[in-house]
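A structural walkthrough
Next come the chains, spelled out residue by residue.
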Amino acid sequence: MSVAFASIVLSALPAGAQSIEQTLVQAYRNNPDLNAARAGVRVANEGLPAALSGYRPSVTATVTAAGQVAESSVGSSAYLGSPGSDRTIRSLPRAATLSVTQPLFDGNRTSNSVRQADQNVLVARETLRNTEQTVLLASATAHMNVLREQAVLDLRRRNVEVLREQLRATRDRFNVGEVTRTDVALAESALQAAIATATGAESDLANARSVYMQQVGVQAGRLTPARTIERLLPRSLDAAVIAGQTEHPAIRGARHGADAQLLQVRIAESALYPTLGLSASVTRAAEQSSSSGQSLSGSLGVTLTIPIFANGGRDYATIRAAKETYGQRRIQIETAAASVRQAVTQSWAALEASRAQIQAAEVQVRSQDIAVNGIREEYKVGQRTIIDVLNATQNLTEARVALVRAQRDRVVLSYSVLSAMGRLSGSKLALRTEIFDPTTHYNQVRDQWIGVRTPDGR
């Protein structure tokens, strides 16, 4: 078997097989982690109408009803013995009150809460982007791992067949006295070792398929090999690092998180400011008794509340804690930036190394293939021993396995570099599926005042 086999393993396109693009589409639709992150975005979107409620009035209606019974005696005297009359009064007072309160000024708490809710939405979107990158990279890796393990298993099985044929030929030569029993034993040992290795390769393939099922949500069928996506990468490492620092969702999410925490400081400070509110109420009361009557009353007022020393000083501690948390969020931005820089540099270097490894492995396979053919011919004329043939055959198999693994690594690392830059997404890869748009749900719920049904009807 020549080097062409390893090339065919990662470049052939069998009919009816599933491409890596189809694998990524399945993962984009089905992966539970990605769907959970999308739900998290919808949850964050609902924080905005909750914050906007601080601008809106509150309307309440109160209805009261009570039964009253009163008994009294009129004109009676126990001392004088004069008779009197007893009187029982039954009444059913009822009242209905409609109250409206409208905040006029709350120390800028509502305005800052709305701005904070917007920042939290952006944090959730960046978290979704990060999860999307993780899922797509893991799915691409799972696809290539199944291909790699299948190719390695095929190589191991072919090696078993070659060694089985070698054992058969050695036994034939032993029967005619050309080789010794030792040669037969060596051939048998090599065959059994190859069978054990092939069995391990079967286990590795089963494990790769189980990981594929976990990531993609469907069983791995016949998968087609994939090409690298190096066309989507910049030309230099410096450009990749710059792109990562400006586009990676971990960094952008950390920045939005810091902005949200700064607004939390201002929200905490609003507890020290006066508040102003408008209230109005209308009450209609009725009493059903011997002297029934009805009344209608209303009130309108403005309330100004000035905090002097509220909550025993707790508000001051809350403000200080919020400021410390903001400092922590700023540090996390630096941490995220350093992590992204390291990931881009590491994956870029690994991708370059994989290119060199492929070139070296291809040369090794070609050379080893020539060596195996020569050693076999020399063995036939007695210039080589059986151990030379077995070692050369094993070296050829391992060279082919190394080539397959290097080819797999190059594809996976191209996805890894794009992920480290923050650009691995369904839209960037032009996946043929509906791309999730987080602004759709945001626009549906932002200005919603009432209603308990979600936009999807639940």
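Each remark here, short or long, concerns the structure printed above.
Scope of this entry: the structure provided in the associated data block. Starting from 1, residues in each chain are numbered consecutively following that chain's sequence as written. Thresholds applied to this predicted model are a pLDDT of at least 70 for local features of residues and 80 or more for the giving and counting of side-chain atom pairs; totals over whole chains, interfaces and linings are not thresholded and use all residues. Hydrogens and water molecules were not included; the side-chain quantities draw on all heavy atoms of the structure.

For the rest of this paragraph, the subject is the overall build of the protein chain. If you tally the helices and strands in the protein chain, you get 10 helices and five strands. In this description the radius of gyration comes from C-alpha coordinates, and the expected globular size is given by 2.2 Å times residues to the power 0.38. In terms of C-alpha radius of gyration, the protein chain reaches 39 Å, well past the compact-globule figure of 23 Å for 458 residues. Oriented by its inertia axes, the alpha-carbon framework of the protein chain measures out at about 150 × 55 × 40 Å. A 1.4 Å probe rolled over the protein chains alone gives each residue an accessible area, and that area as a share of the maximum for its type sets the label: buried under 20%, exposed over 50%, partly exposed in between. In the protein chain, which comprises 458 residues, the share counted as buried stands at 38%. Here the protein chain has roughly 25300 Å² of accessible surface; of this, 53% comes from carbon and sulfur atoms. Positive charges come from Lys and Arg alone, negative charges from Asp and Glu alone, with His and the N- and C-terminal ends not counted. Charge positions come from single atoms, namely NZ of Lys, CZ of Arg, CG of Asp or CD of Glu. If you average the places of the 50 positive and of the 40 negative side-chain charges in the protein chain, the two averages end up 4 Å apart. Helix and strand definitions here come from DSSP, where helices need a minimum of 4 consecutive H or I residues and strands a minimum of 2 consecutive E residues; each element is numbered from the N-terminal end. Accessible surface area values rest on a Shrake-Rupley calculation with a 1.4 Å probe, where residue burial reflects the displayed protein chains alone.

Note that G298 resides in strand β5 (residues 293-305). Spatially, the C-alpha atom of G298 lies 37 Å from that of R115, the residues being 183 residues apart in sequence. Should any heavy atoms of two residues lie within 4.5 Å, those residues are considered in contact. Excluding residues that lie within four positions of it along the chain, G298 makes contacts with S281 and V282.

Here we take up unusual backbone geometry. The backbone of N108 shows a phi angle near 65°, a positive value even though the residue is not glycine. Tracing the backbone through its elements, the reader meets N108 in the loop between β3 (85-105) and α4 (109-175). The partly exposed category is assigned to N108, whose relative accessible area is 39%. Of note in the backbone geometry, A430 takes a positive phi value of approximately 55° without being a glycine. Mapping A430 onto the fold places it in the loop between α9 (386-421) and α10 (438-445).

Now for helix α3 (residues 32-52). Given a rise of 1.5 Å per residue, 21 residues ought to cover 30 Å, and the 31 Å separating the end C-alpha atoms of α3 matches this to within 8%. Of the surrounding elements, those touching the buried residues of α3 are α2 (20-30), α4 and α10. Capping of α3 at its N-terminal end is provided by N31; its side-chain oxygen lies 3.0 Å from the backbone amide nitrogen of D33. Expected helix span is given by 1.5 Å per residue-to-residue step, counting one fewer step than there are residues. Polar contacts, as used here, are pairs of N or O atoms within 3.5 Å; protein pairs need one atom able to donate a hydrogen and one able to accept it. Residues neighboring in sequence count only if both atoms are side-chain atoms.

If you want to describe how two helices pack, look at the angle between their axes and the distance between the axes. Each axis is a line fitted through C-alpha atoms, and for a helix only the stretch in contact is used; angles between axes span 0 to 180 degrees, taken between their N-to-C directions. Where α2 meets α3, the axes come as close as 6 Å, and the angle between the chain directions of the two elements is 45°. The angle between the axes of α2 and α3 places the two elements in the oblique class. On α3, the residues touching A27, Y28, R29 and N30 of α2 are P32, L34, N35 and R38. Under the convention adopted here, Pro, Cys and the residues Ala, Val, Leu, Ile, Met, Phe, Trp and Tyr are nonpolar, Asp, Glu, Lys and Arg are charged, and Gly plus all remaining residues are polar. Its residues assigned to classes, the contact of α2 with α3 shows four nonpolar, two polar and two charged. Oblique is the label for any angle not covered by the other classes, which are roughly parallel (under 35 degrees), roughly antiparallel (over 145) and roughly perpendicular (65 to 115).

This part covers the nonpolar core. Counting residues in hydrophobic clusters, the biggest one holds 62 residues, and the most contacted among them are Y415 and L429. Listing elements by their share of this core, those giving two or more residues are α2, α3, α4, α5 (181-216), α6 (237-247), α8 (314-380) and α9. Considering every element that reaches this core, the biggest residue donor is α4, with 16 residues. Residues in contact with L429, not counting those within four places in the same chain, are L24, L136, I229, L232, Y415, L418 and L424. The criterion is simple. A nonpolar core is a set of buried Ala, Val, Leu, Ile, Met, Phe, Trp, Tyr and Cys residues joined through side-chain atoms within 4.5 Å.

Mapped onto the elements of the fold, E71 is located in strand β2 (residues 68-74). The sequence separation of E71 and A196 amounts to 125 residues, and the corresponding C-alpha distance is 103 Å.

Inspection of the secondary structure puts S347 in helix α8. Here A343 takes part through its backbone oxygen, which lies 2.8 Å from a polar atom of the side chain of S347. A polar contact of 3.2 Å, which involves the side chain of S347, links it to the backbone oxygen of V344. Contact partners of S347, with chain neighbours within four places excluded, come to L413, S416, V417 and A420.

The next point concerns the pattern of salt bridges. The working definition used for a salt bridge is a side-chain nitrogen of Lys or Arg within 4 Å of a carboxyl oxygen of Asp or Glu. Per the stated rule, a full pass over the model turns up 17 salt bridges. Across the pair R400 and D369 runs a salt bridge whose closest N-O atoms are separated by 3.7 Å. One end of the pair, R400, is in helix α9; the other, D369, is in helix α8, with 31 residues separating them in the sequence. Using a relative accessible area of 6% as the deciding quantity, one classes R400 as buried.

For the rest of this paragraph, the subject is the side chain of T170. Residue placement: T170 occurs in helix α4. A polar contact is formed between the side chain of T170 and the backbone oxygen of Q166, at a distance of 2.7 Å. Apart from residues no more than four positions distant in its own chain, T170 is found in contact with V179, D183, V184, A187, Y379 and I386.

Take the environment of I251 next. Position of I251 among the secondary structure elements: in helix α7 (residues 249-269). Its relative accessible area of 0% is what places I251 among the buried residues. A sequence separation of 82 residues divides I251 from I333, and the C-alpha atoms of the two residues are 6.0 Å apart. With residues near it in sequence (within four places) discarded, I251 still touches G244, Q245, A336, A337 and V340.

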